[in-house]
Amino acid sequence: MDTWGRLSQADEEEFARLDRAFEAGEPMTGEHGEIFGVWALDRFCADPAGPRRREMLQQVVEDVPAWSGDTVSGLWSMVHGATRTWPQDDTDLYLVPLAATSSLSFPERRIALEHVPHDFSKYRYSEWKILRGPVTELLTEPEAGDPGAAVRNVIWEEDPFAIRLATDFASRLASSEVLPLLRHCATATASKPSPTWLKRTAGLLNEPAVEVIRDVLRQLAAHREATFRPPHRDERWTGVVFLRRRTAVPLRGMVWACELIHEPWVTTVLGDVAVTCGTGVGGSGANARSEMLANAATGVLARRGGLDVVAQLARVQAKVRKKTILAAVSRTLEAVAERTGLSPERLLDRTVPTFGLDPDGTRTEQGLRLSLDGTITYEGRRTIPKTVDRDLLTEFKATAKELKKALPAERFRIERALATERIWRWHEVCEFFLDPPVTGSFARALIWEILQGPAGLPVQVDGAWELTDPAGRRIQPRPDTPVLLWHPISHSADEVRAWRDHLMEIGLRQPFKQAFREVYLLTPAEEETRDHSRRVAGHLLRYGQAKALLTDRGWTGLSLGHWGWVYGSGQAEATKELPGGLTAHWDFHLGEGSYERDGYGNTASICVSGVIRFTDAAGGRVPLAEVPALTLSDTLRDADLAVGVTSTGLEPEGHGEYWESYGFGDLTESAHVRRDALTRLLPRLAIADRCTLTDRFLHVRGDLRTYKIHLGSGNILMEPNDAYLCIVPSGGADQVFLPFEEDGGMLSVILSKAFLLAADTAIDDPSITRQIGPPVSHGSER
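Only a predicted model underlies this, so the values are computations on that prediction, with no experimental measurement involved.

Thoughts on the nonpolar core
Most often, soluble globular proteins have nonpolar side chains that are buried together. One finds W586, F588, F614, L698, L725 and L757 to be the most contacted residues of the largest nonpolar core, which totals 80 residues. A170, V210, W265 and L347 belong to the second-largest nonpolar core, a separate cluster that totals 67 residues.

Things to note about the packing of aromatic side chains
Under the criterion given, the structure shown has 14 aromatic pairs. A centroid spacing of 5.9 Å and a plane angle of 25 degrees characterise the contact between F36 and W39, whose relative ring orientation is stacked. One end of the pair, F36, and the other, W39, are both in helix α2 (residues 34-46), three residues apart, so they sit about a helical turn from each other. Here W39 falls in the buried class, since its relative accessible area comes to 0%. Seen in terms of ring centroids, W424 and F433 are 5.0 Å apart; in terms of plane orientation they differ by 65 degrees. Their pairing is edge-to-face. Summarising the burial analysis for this pair, W424 and F433 share the class buried. Among the aromatic residues, those joined into a cluster by ring pairs are F22, F36 and W39. Directly above the ring of W156 sits R246, whose terminal nitrogen or CZ lies 3.9 Å from the centroid.

Structural notes on the pattern of salt bridges
Within this structure, the stated rule accounts for 46 salt bridges. Across the pair R363 and E365 runs a salt bridge whose closest N-O atoms are separated by 2.7 Å. Salt-bridge contacts for R411 lead to E415; the nearest nitrogen and oxygen are separated by 3.6 Å. One end of the pair is R411 and the other is E415, both in helix α21 (residues 390-419) and four residues apart, which spans about a single turn. Through salt bridges with shared partners, a single network forms among R411, E415, K513, R517, E518, D634 and R637.

Quick word on the environment of I768
Of note, I768 is situated in helix α32 (residues 766-772). Considering only alpha carbons, one finds I768 and L725, 43 residues apart in sequence, at a separation of 7.7 Å. The contact partners of I768, leaving out residues within four places of it in the chain, are L725, I727, L756 and I763.

What counts and what doesn't
- Residues numbered from 1 in each chain as written.
- Predicted model: local features only at pLDDT ≥ 70, side-chain atom pairs only at ≥ 80, totals over all residues.
- Heavy atoms only, no water.
- Core = buried A, V, L, I, M, F, W, Y, C linked by side-chain atoms within 4.5 Å.
- Buried < 20%, exposed > 50% of the residue type's maximum accessible area, 1.4 Å probe, protein only.
- Phe/Tyr/Trp six-rings, centres within 6.5 Å; stacked < 30°, edge-to-face > 60°.
- Helix = DSSP H or I, 4+ residues; strand = E, 2+ residues; numbered from the N terminus.
- Lys NZ or Arg CZ within 6 Å of the ring centre and 35° of its normal.
- Salt bridge = Lys/Arg side-chain N within 4 Å of Asp/Glu carboxyl O.
- Contact = heavy atoms within 4.5 Å.

Right, dumping it as structure tokens:
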């Protein structure tokens with residue numbers, strides 16, 4: 001019999017033999033196998049008043065010594081079904097399941113009884129009142145001398161983190177000071193703690209309990225999913241696991257307990273837990289590793305309130321894409337903002353921590369130096385001597401870790417402000433963006449514009465901030481002057497060109513594309529289609545990579561696979577909420593033959609992009625001409641980026657019509673911007689005399705051949721016959737100044753290939769030299 005009480009053909013045949021013997025009045029004393037026990041219980045359930053049926057149950061209890069775990073699970077499924085019509089006061093029904101369970105080891109008992117407490121307490125409560133005591137006794141390991149048993153009695157070993165709690169943390173969790181709290185935390189089954197629950201928690205908290213909560217939650221924040229097979233389970237139970245519910249519930253209780261703990265570490269640890277549990281498997285995606293724990297952490301942050309929680313909530317906003325979690329974070333920020341009389345955005349401006357850094361982004365004490373990027377040195381050296389104060393070094397390392405979390409959140413927040421045309425007063429920009437060490441590291445490299453006025457880069461003169469334009473003219477805004485981040489969509493081509501030239505001239509690298517930002521204006525084709533754009537339709541994209549990239553940029557809902565074509569798993573729509581109540585929709589589908597290409601599994605590898613459209617708050621379609629120009633541009637920029645980074649046309653050893661068209665065809669807008677950057681970079685390079693730019697290619701003259709590098713895909717053709725040259729990128733051109741941090745890094749890849757091919761006689765990689773072949777006369781090139 002299996003776990004669900006289903007009989008095999010052999011079981012059915014044995015049942016028939018036992019029925020014949022029973023009906024013939026034969027003695028059953030020679031029957032000792034577990035199938036006899038299953039038969040006796042099954043027939044008793046069907047006819048409890050029949051002669052000798054109860055006698056058979058007692059014989060099973062006395063004479064069947066060994067049971068398999070699957071069979072015991074099946075017994076419980078059998079009696080759960082039978083209780084629908086069973087007298088509540090007749091306990092003989094449970095004799096066999098209870099006796100059979102007691103023959104198992106404790107890990108096996110937990111597997112056999114996995115669903116019993118939930119199913120009976122929810123659907124058979126009257127029977128559960130009878131069973132609760134015996135079942136609880138069967139599940140409770142003797143704890144004397146075994147702290148791991150005490151933990152396992154609360155948290156079953158169903159995932160790697162549970163096993164760690166029952167081993168590494170066993171002695172602390174099972175101590176007399178902490179174990180009552182652990183058991184209480186296992187009752188955290190509601191969506192939020194009640195006053196009664198918190199009152200009980202307060203009575204159980206003590207110094208050892210607080211310390212173990214801190215350490216367990218820190219380990220939770222560092223925990224990641226892994227392939228795992230629970231002990232005493234077969235291979236069918238192997239899978240990628242983060243946390244099982246029986247582990248997550250006590251951990252939620254520990255998170256709730258933080259509401260009563262007033263220690264400096266609490267807010268940061270809760271932020272860490274919210275980010276880890278709120279992001280998807282692998283650290284990205286629109287789902288959450290544990291929505292339960294992410295909501296618990298953000299809920300406690302919300303109830304704690306105060307300005308110190310804002311920075312942690314900003315981290316959650318930057319990393320998490322689960323809509324329900326983000327909605328809770330937004331509500332919390334709005335509530336805190338309302339109490340302070342500020343908007344959520346201005347509240348975030350004021351609560352970015354400095355981490356003890358000086359305005360130049362460093363902190364120096366006793367020879368130790370902490371830099372903004374998290375690097376720690378001692379008197380200029382990376383090696384830290386043992387004579388350094390260890391407590392100070394530990395503090396520096398902890399701060400470096402926090403810095404590495406804060407920097408991407410700030411970059412995300414500032415780029416979002418650029419995309420939404422947010423406006424500040426100049427004194428706010430100076431105080432909250434230019435002066436602070438973390439935010440300032442980004443803001444000082446950006447162009448700021450007086451509303452409907454001039455624009456410039458920030459410079460500090462006599463301790464005060466002002467702006468300087470490309471011509472060197474000084475702009476001195478008054479404190480209340482409205483300013484915003486400069487965006488090329490609102491400016492002429494000459495002005496954009498001037499800023500790009502200026503950045504190259506002064507060697508300023510921006511934290512994200514601003515001066516070199518792509519602009520996507522409405523095309524005649526889009527005017528004709530009116531309410532949708534086919535600009536990025538028909539591309540073959542690496543599905544997993546595209547989904548992760550779009551999720552990081554705020555898109556949700558993209559879910560494709562071969563798991564249910566009849567339910568529409570071959571089609572999906574990615575959506576992104578935009579300013580002004582608009583929503584962008586981007587269609588995707590799986591191409592013909594994808595199921596065979598993916599080996600007939602559930603996971604899709606390639607998806608096909610479709611059209612992009614916009615809807616208003618009521619769900620009605622919005623004509624593209626009515627979408628604000630900046631909103632349209634940045635939406636199409638997301639899509640172009642996804643294509644430019646994840647297209648199969650980028651594969652070094654690709655083939656087929658799409659690969660040919662994308663790998664060597666017309667340039668996208670992002671590739672045009674890349675070309676514009678190259679026109680400014682090439683004259684500065686040591687290989688400038690060997691390079692020529694055409695409309696789609698960077699031509700590089702080597703000593704053996706001349707090469708054409710496509711500016712969109714980075715693919716290479718060799719003259720004179722346009723033979724394809726496959727070079728797998730191994731790194732970027734780190735020695736070359738780039739004016740922006742580029743998503744996908746294609747500009748760096750193109751430059752690294754150009755440097756390599758300009759010195760083609762020095763290439764010693766046989767996989768490349770075999771393709772290049774012997775020298776070709778440049779005179780024959782076209």
